[in-house]
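Tertiary structure, described
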Amino acid sequence: MNEATEHLVAVGRLDDIPRQGARVVRTAFGDLAVFRTADDGVFALRNACPHRGGPLSEGIVHGRSVTCPLHNWVISLETGEVEGPDHGCTAVIGVSVADGVVRLDLSRLAAAMAVAAE
Amino acid sequence: MTARKLLVVGNGMAAGRVLETLFETAPGAYDVTVFNAEPRVNYNRIMLSPVLSGEKTYEDILIHDDAWYAANGVDLRKGARVDAVDTAAKTVTTADGTVHGYDKLLIATGSGPVIIPLPGHRLPGVVTYRDLDDVDAMVAAARAGGRAVVIGGGLLGLEAAAGLKARGMDVTVLHLMPTLMERQLDPAGGYLLQRAIEDRGIEVICKANTEAILGTDRVEGVRLADGREIACTLVVMAVGIRPATALAKAAGIAVARGVVVDDQMRTSAADVLAVGECVEHRGACYGLVAPLYEMAKVAAKTLLGEAAAYEGSVTSTKLKVTGIDVFSAGDFAEGEGRQEIVYRAPGVYKRLVLKDDRLIGAVLYGDTADGGWFFDLLRGGTEVAAMRDTLIFGPAFAGAAPLDPTAAVAALPDDAQVCGCNGVCKGTIVKAITDKGLTGLDDVRAHTKASASCGSCTPLVEKLLVATLGGAYAAAAVPPMCKCTDLGHDEVRRLIVAKELKSIPAVMQELGWKTSCGCAKCRPALNYYLLCDWPGEYEDDQQSRFVNERVHANIQKDGTYSVVPRMWGGLTTPDELRAIADVADKFKIPTVKVTGGQRIDLLGVKKEDLPAVWADLGKAGMISGAAYAKGLRTVKTCVGSEWCRFGTQDSTGLGVKLEKMMWGSWSPAKVKLGVSGCPRNCAEATCKDIGIVCVDAGYEIHYAGAAGMHVKQTEVLTLVATEAEAMEIVAALTQLYREQGRYLERIYKWAARVGGDSIRAAVVDDLDKRRHYAARFHHSQRFAQVDPWAERVGGRHAHEFAPMAALGIGEAAE
Ligand SMILES: Cc1cc2nc3c(=O)[nH]c(=O)nc-3n(C[C@H](O)[C@H](O)[C@H](O)COP(=O)(O)OP(=O)(O)OC[C@H]3O[C@@H](n4cnc5c(N)ncnc54)[C@H](O)[C@@H]3O)c2cc1C
Ligand code: SF4
Ligand code: FES
């Protein structure tokens, strides 16, 4: 395996995630939310809203954004950044989907979760 | 120079194109032998559908006939399957055991249909759709008539369905996903496609999970996971293709999803090349001919020792069903930094996706004439900023200076049709405006019918008003539902009913949504409207619900949930209380609290524990209290005449009856009731959405109260003498609100908007209307009164309650 793929960890199948929905992946450093868009794009974020830590996995997925279930901030699935007038950012985790298997890039997980948690 | 020996395994479209290129460039460079498992020459596989439908014959679709092979000195072995390759000895072995040596070997085995190993999949009458034999089998089956079930609503499945229909069979398409051809089309395109397929008399069932193929000696039917059975004489399995890699794999050649090749189409084995659907190049496998042709050219050059590189392909898809025009290309997913341009008209849907001023994806339905042009822009990476505004209209408009929209409308010819539904032309509208002195949209609707039906031409009509009247016209400001549409809530509700729209994609398409799949504002609203308007028919879209309604519990600030079981009218029993206490202990629930609505709230429940908590509560007879719902919450009661010395009526009993009647109903916003036994009003009924205050003479019905950020006393609707009348009016009132309320609008706001008089007229004064609304409420309750907790204890939506994976520290660390 090469440099780019050695940190990829399989977490389940694409079909495990409902379209326009999300699932949670628990890790030693905190929860991740893995999203699937209407067109089968898969994204992973730290499962904590930049506002007050709301579980983004429970939000409504639309386009490539998710609306936080607690106070309706809208977060980009691609950049983890808050859209619109509010500000903030949550950590983005790399995802690869091949043959229906979803793999997360956990190479910088500890760092990402630590920074995001500050 | 003596010609070297080239062996080709597989004689499909890719192999054929390699040979053509080879013979054109360097005839005689190789002495070629071709082995083909199919007992025939090379034919155009993609034209099998016209053969199936009877529009073409096998002879029409031949690519190379026997004479061609002879002329090029090719030894074509028909019906000869290659069983083994020895890359060290450089030989292949065919099924009859003969061994052939090679200098170069070309693997072009294509792919095979995926067969789901359902019970009964080996029964006679189950076919796949890949080659001429399959077509022959289908044509033979069609002669006997009956019903065909096609499993798979992708390109192949739909072509098979159309072909079988053309051959006179009844056809049902079963598709696992919510919309057809979901890989190539977005939901709007899939919706239109489904309508067109159904218009041809083909039945389409989406979200259909086939469980078994039925029959003893041959196919007799299929059964779906939900228990439905469909009788049929033919089953076509068209659920996907898989690269045919077994031969290469057994020979020790590198295989991932397909046979791995480099940019020169070389495999991991020396002197072995591969092309076509069987290969994997830079991680991609292809299932269309265009990329295979590009690969074939490169493979031919590599065989001749010339430099050439294949760098992957952008593909486009078209469905070959006569009369249905579908085109899609590139990446049409939404995303950050991407803009979409959507155009909708009756039967037409076009969507372009741009990124960095370049076209990266396109979906066209109904009018695909510009597909080729878009595809060229897409492949060429052409900068389109300058023509962005007119891009969607195709090359005819490209490059022309972008018109200001009003000027563009003014420039339309008089006979240009503006309103497709009522067939009204521009000239008619302008004439009506000037002759009759019309000043507004409603006038135009009244006089010409333009925009009076589906409303999607409203913006055009408004622009005509502006163009004709100039500054004198001021558009009525109906606030749109959200940024996805110009229509307001009421207009959308009216059109859902008028046009019988029964799914979210249907609403978005027919009402001209400006985004492809809505946003977090419109989706929950549409989901409610559809649920309210089509009880028993519309299937709730879980992903368009807020989390509380999706998991049937209230999310708390720390991500835990609160659980409130129903206590009818606020009554409980020692057994229920014991069960609640046990649950609190067992699941270490930190807080137990009595709510304002006379219920018990268990706070701090972990999401994973929810189904188990519900299971225990369910065993004690309790169901969901719907404390999370935009729907009926609680009926609060006082003790009334049963115990209280002031009580005039049985307020507790009526409260229980009302709650039994109304539980499970969804509404635009939450609905809380209160029933007090006398005007002392201990149940605080006069600040509820609907309240009943019992008096000696009967039941005073109140409504439109609120006690939230806004506190408002109820208004009196009427006084009735009997419980039965009170219940009928409450049912009618609730239904009227369900049908007229805008999503998230509480009863008091709805009442202020539509006016108390109109409400009283409908549910009090006009007895027929009252019965009508009450009956509609009861009808919808037949489908709504299913305990969601029991369903989930039974396993429904299990994915909601469990993490997808839990990773240990080892996996998560660097
Ligand atoms: C009904 C239908 C409609 C289609 N419509 C379209 C369309 O509209 N547009 C589009 O671009 N594409 C379409 N396709 C896909 C297109 O036909 C394929 O992409 C293309 O045919 C693949 O070419 P190939 O040479 O790789 O494989 P194939 O054409 O499948 O040829 C492979 C051949 O190898 C033979 N073979 C396999 N293993 C062995 C072995 N061990 N020994 C000897 N022979 C072997 C097989 O019998 C087969 O004849 C359609 C396909 C089907 C079935
Ligand atoms: S509202 Fe009247 S009947 Fe009910 S408890 Fe109070 S005083 Fe008694
Ligand atoms: S925590 Fe997400 S919006 Fe407040």
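The structure we're discussing is the one just above.
This section reports on the structure supplied with the text. Predicted model, so just to flag it, every value in this text is computed and none were measured. (Residues numbered from 1 in each chain as written. Chains lettered and ligands numbered in written order. Predicted model: local features only at pLDDT ≥ 70, side-chain atom pairs only at ≥ 80, totals over all residues. Heavy atoms only, no water.)

Some remarks on the sheet that holds strand 15 (residues 210-214) of chain B
Residues and elements named next belong to chain B. If you trace the 3 strands from one edge of the open sheet to the other, you get 15-16-17, paired in antiparallel fashion. With one partner strand each, in any of the chains shown, strand 15 and strand 17 (229-231) form the two edges of the open sheet. Between one strand and the next, the sheet's axes are offset by a mean angle of 20 degrees, whatever the strand orientation. Of the strand pairs in this sheet, strand 16 (residues 221-224) and strand 17 are connected by 3 bridges, and their pairing is antiparallel. Across the sheet, Val222 pairs through a bridge with Ile230, a residue of strand 17. (Pairing = 2+ DSSP bridges. Helix = DSSP H or I, 4+ residues; strand = E, 2+ residues; numbered from the N terminus. Axes fitted to C-alpha atoms, helices over the stretch in contact; angles between N-to-C directions.)

Some thoughts on the site of ligand 2
Around ligand 2, the structure places Cys638, Gly640, Cys644, Phe646, Gly647, Gly677, Cys678, Arg680, Asn681 and Cys682 of chain B. Class assignment of the residues belonging to the shell around ligand 2 gives a composition of 5 nonpolar, 4 polar and 1 charged. (Near = heavy atom within 4 Å. Nonpolar A, V, L, I, M, F, W, Y, C, P; charged D, E, K, R; others polar.)

Quick notes on the pairing of strand 34 (residues 632-637) of chain B
Residue and element names in this part refer to chain B. Of all 6 residues in strand 34, 6 are buried; the element is thus mostly enclosed. Both strand 34 and strand 35 (residues 671-676) contribute to a ladder of 4 bridges, which runs parallel. Within strand 35, the residue paired with Val635 across the bridge is Leu673. Once you follow strand 34 into helix 20 (residues 651-662) and on to strand 35, the crossover reads as left-handed. (Buried < 20%, exposed > 50% of the residue type's maximum accessible area, 1.4 Å probe, protein only. Right-handed = clockwise from strand over helix to strand, strands pointing away.)

A word on the packing of aromatic side chains
Geometrically, a pair of aromatic rings is defined through the distance of the ring centres and the angle of the planes. Residues and elements named next belong to chain B. Within this structure, the stated rule accounts for 10 aromatic pairs over all chains. Taking the centre distance of 5.1 Å and the plane angle of 90 degrees together, the rings of Trp68 and Tyr69 count as edge-to-face. Note on Tyr69: relative accessible area 3%, which makes it buried. An aromatic cluster is built from Phe23, Trp68 and Tyr69, whose rings are joined through pairwise contacts. Between Arg17 and the ring centre of Tyr293, over which it is positioned, the NZ or CZ distance is 3.7 Å. Positioned above the aromatic ring of Trp568, the side-chain terminus of Arg566 is 5.8 Å from the ring centre. (Phe/Tyr/Trp six-rings, centres within 6.5 Å; stacked < 30°, edge-to-face > 60°. Lys NZ or Arg CZ within 6 Å of the ring centre and 35° of its normal.)

What about the interface of chain A and chain B?
At the junction of the two partners, chain A supplies 45 residues and chain B supplies 40 residues. In total, chain A and chain B occlude about 3,300 Å² of area from one another, counting both sides; carbon and sulfur atoms represent 57% of this. When the area that chain A buries against chain B is broken down by residue, the three leading residues are Arg26, Glu58 and Ile60 of chain A, summing to 20%. At the boundary of chain A with chain B, the tally comes to 3 salt bridges. Note that Lys607 of chain B is salt-bridged to Glu58 of chain A, the shortest N-O span being 2.5 Å. Connecting chain A to chain B are 13 residue pairs in polar contact (both at pLDDT 80 or more). Those elements that place two or more of their residues in the side of chain A that touches chain B are strand 1 (8-13), strand 2 (21-27), strand 5 (60-62) and helix 1 (109-117) of chain A. Sorting elements by how many residues they give to the side of chain A that touches chain B places strand 2 of chain A first, with 6 residues. Pairing analysis gives 2 bridges linking strand 2 of chain A to strand 41 (residues 805-806) of chain B, with the strands arranged parallel. Counted as the bridge partner of Val25 of chain A is Ala805 of chain B from strand 41 of chain B. (Contact = heavy atoms within 4.5 Å. Buried area = accessible area lost by both parts, 1.4 Å probe. Salt bridge = Lys/Arg side-chain N within 4 Å of Asp/Glu carboxyl O. Polar contact = N/O pair within 3.5 Å; in protein donor to acceptor, adjacent residues only side chain to side chain.)

Structural measurements only, silent on function.
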